[in-house]
Amino acid sequence: MTTEFNQLSLDPELVQVVAELEYVNPTKVQAQVIPLMLEGRDVIAQSETGSGKTAAFALPMLQNLERGCKPRKVQALVLTPTRELAIQVAEAIARYGRHLQVEVMAVYGGQQYATSKARLKRGMDIIVGTPGRLQDLMRQGILELDGVRTLVLDEADEMLSMGFIEDIENILSQTPVERQTTLFSATISRTVRGLADKYMRDPQSVTIEHKQMTVATTEQRYYLVNEEDKLAALTRLIEVEEMGATLIFTRTRAGSARLANELVQRGVTAEALNGDLAQEARMHVMNRFRSGQLKVLVATDVAARGLDIEDISHVINYDLPNDPEAYVHRIGRTGRAGKDGVAITLVTPRERYVLNRIEGFTKHKIDQAQLPTEAQVYAHREERLVHKLTTWLERDRSKRELEIVNELVAQGQDPLKVAAAALKMARSGENQRPVEKIGEPVLVKRSRERGPRDRSERPAGKGKSARKPTAIRSSRSSITSVEEGMVRLSLERGRVHGVRPGEVVGTIASCANIPGSAIGKIFIEDQHTLLDVQEEYISRVLGHTGAYSFRDQANVAIRRA
Ligand code: AMP
C-alpha cells in the first residue's frame, strides 16, 4: 500500500507495521517530527495525547537503533510522568518495533526491583520509565545509561509540574552528551523552555496549532446551572442530544460512582470507570463501552488516563476540571481522527471565572447554550415515540398484533382508540420518569467562597510559583487544621533527611499514580513530613506505603497523621 508514510524515509519494517496498524497517513506531528529525528536533530514538539506523538518519536527512535550490539546496551530512553503512561508508551514502542526484535521495558515505582534487575541483566534496547524509579535503578547500579543515543522527554510539562526537575537533570547528566534529545509537551512553558535550552542542541520546534491540537472538530458549549440542578440538567441533555459513546468527567471518584448510579436509575446504561479496577474488570467495562452496550462512562481525570477509544461522540464535564490543561486533555478525547465531537461543560454561577481561564488558555470561546425546557423534553419523547412507531410500521412485522387489533375491532372497539391505548401502554415507563425541574442559575454567597480546588494557599500544588515555599507555618493551628476534602498524612522522613517539597510531590504522585495537584500543603518537620492529600486519593497513596523511596531510603512508610 502506498501511503505518505513511504515518503518519510522509514525502514520497510516500520512502514509495514504502520500499514498493519491501518494508519493511512502520518498525523501532523508525525509528518514533522519523523524527518527531523531521522536527520538526528533535537526536537521540541508541542503536542499532546491523541496527536499520534508516540509513533512520532517511536518510529525514528526504532530506526536509529544500532542492531546486533553485544552486549546489549540501553540505546533509547523515554521519560514519562506516570506509571500508566510508561506502560502505555512501552507497549506502543513494542508494537511499532515488532518486526525488529527489540527489547523494550517499562520501569516505574512499585515494581519489584528483582524483576527489573533480572530483565535489565538480560539486556534491553529501550527503557521507558518514570524519573524517580529510573534514578533508583541508576543509584543501585542496575541501570547504566552510557549507551543512550536517543532520549525522549514525554509530557515534559507534566513531569516538571510533578516536581521531577532535579531527577530529570540528574538522568540527563548521566547520558552521553552527543545523544539526540526530543521533548514533547502539551504546553511549552518557561520552565520547559529552560530545560530545553540547557540540555538540547539547537532544537527544532514543531508546533501543532492549538486549535488543531484540541478543538478543530469539537463543538464546545457550556450550560450555566446551579450545583443542585446538575443531575437534572445532565439527564435532560442525555435525553435530547443525539449521543453516541459518552465520557462524563467528575471531580471525585465517589462522585463518579454516585453519578453512574443515578444515571442507571434514570434508564441510561452507565458505569463508573474506577482507577482501582483490576485490569480484567477495566477491560470488561471498556469492551462494553466500545461495543455500544454501555452508552456512558463516568470517570475522574485519573481513572480516564490511558483510555484509548477513538469513537467518543460527547465529552461532558459534569464537574469542571482542576485546570485548563485538564480541560484540553478531557475534550481531546472526542473529535478524534477528523470526526466531529461535542464537549459539554456544566458550570455553576460561582465557577464562571474558571471557564474564563479555560477560554484564555485555549484561545477559544466556549458558547453558552440553553438547557432543553421541560416542554422540549416531552416533545422530544413524543417525536421519538412516533419515529419508533413509524419504523415498526415500515417493517410490517406485527402480524400477531394486527390479529389482536382485528379481534378488538370485531368486538366493537374503535381502531383509533385501540391504537391510542396501545401507545399509552408503550409510554407507561416514560411516564414514571417525569422531567425534573431546574431552577434559574443564581449566584449564592456562601461562607466558603473559595472552592476546594483553589490552590492559592497550596504551596505544593501544580505550577512552579505555587510550589516554592515548604510550608505555611504561621501558627501551630495551620499545621493541625486540614482543608475540607483533604486528609493529612505523615511521612517518616523529614528535614534532617534532606526531604524537599518537590520530591514529596514527585515521588508520591508517580508511585501512587495520582496528579501532583492532589497534594496540598506540605510541612517538612525535622524527623517527618506532614502532607495534605485530596480524600479521593488517600487509598491509593496509603495502598503504596512501603513503595516510596526518598533519597537513599527505600520502603518509606506513609500513614494518617
Ligand atoms: P498518541 O497521541 O500517541 O497517544 O496516539 C493516539 C492514537 O492515535 C493511538 O491510538 C494511535 O494508535 C493512533 N495513531 C497514531 N498515529 C496514527 C496515524 N498516523 N493514523 C491513525 N491513527 C494513529
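Everything below is about the structure shown above.
Residues numbered from 1 in each chain as written. Predicted model: local features only at pLDDT ≥ 70, side-chain atom pairs only at ≥ 80, totals over all residues. Heavy atoms only, no water.

Glancing now at the sheet that holds strand β13 (residues 341-347). With respect to topology, 7 strands assemble into an open sheet ordered β10-β11-β9-β12-β13-β8-β14, the strand pairing being parallel. Of all strands in the sheet, those with a lone pairing partner are β10 (270-273) and β14 (367-368), marking the two edges. Of the strand pairs in this sheet, strand β9 (residues 245-249) and strand β11 (residues 296-299) are connected by 4 bridges, and their pairing is parallel. The residue of β11 that forms the bridge with phenylalanine 249 is alanine 299. Helix-sheet contacts for helix α11 (residues 230-240) involve β8 (218-224), β9, β12 (312-317) and β13, and the interaxial angle to β13 is about 160°. (Pairing = 2+ DSSP bridges. Helix = DSSP H or I, 4+ residues; strand = E, 2+ residues; numbered from the N terminus. Contact = heavy atoms within 4.5 Å. Axes fitted to C-alpha atoms, helices over the stretch in contact; angles between N-to-C directions.)

With that settled, consider the nonpolar core. In terms of nonpolar packing, the biggest core is built from 57 residues, with Ile127, Ile508 and Ile514 touching the most fellow members. For this core, the leading source of residues is helix α22 (residues 501-512), giving 6 residues. Two domains share this core, each providing at least three of its residues, namely domain 1 (5-207) and domain 4 (452-560). When neighbours within four sequence positions are excluded, isoleucine 514 is seen to be in contact with Met162, Arg305, Ile508, Ala509, Ile519, Val533, Tyr537, Arg540 and Val541. Within the second largest apolar cluster, 42 residues are counted, among which are Phe5, Leu10, Val18 and Ala90. (Core = buried A, V, L, I, M, F, W, Y, C linked by side-chain atoms within 4.5 Å. Buried < 20%, exposed > 50% of the residue type's maximum accessible area, 1.4 Å probe, protein only. Domains from an automatic or database assignment.)

Looking now at the sheet that holds strand β3 (residues 104-107). In spatial order, the strands read β3-β4-β2-β5-β6-β1-β7; together these 7 strands make up an open sheet with parallel pairing. Two strands lie at the open edges of the sheet, namely β3 and β7 (204-207), each paired on one side alone. In this sheet, adjacent strand axes meet at a mean angle of 15° when their direction is disregarded. One ladder, built from 4 bridges, connects β3 with strand β4 (residues 126-129); its direction is parallel. Each residue of the ladder has a partner; that of valine 107, found in β4, is glycine 129. Across the face of the sheet, helix α4 (residues 83-96) comes into contact with β2 (76-79), β3 and β4 while running at roughly 180° to β3.

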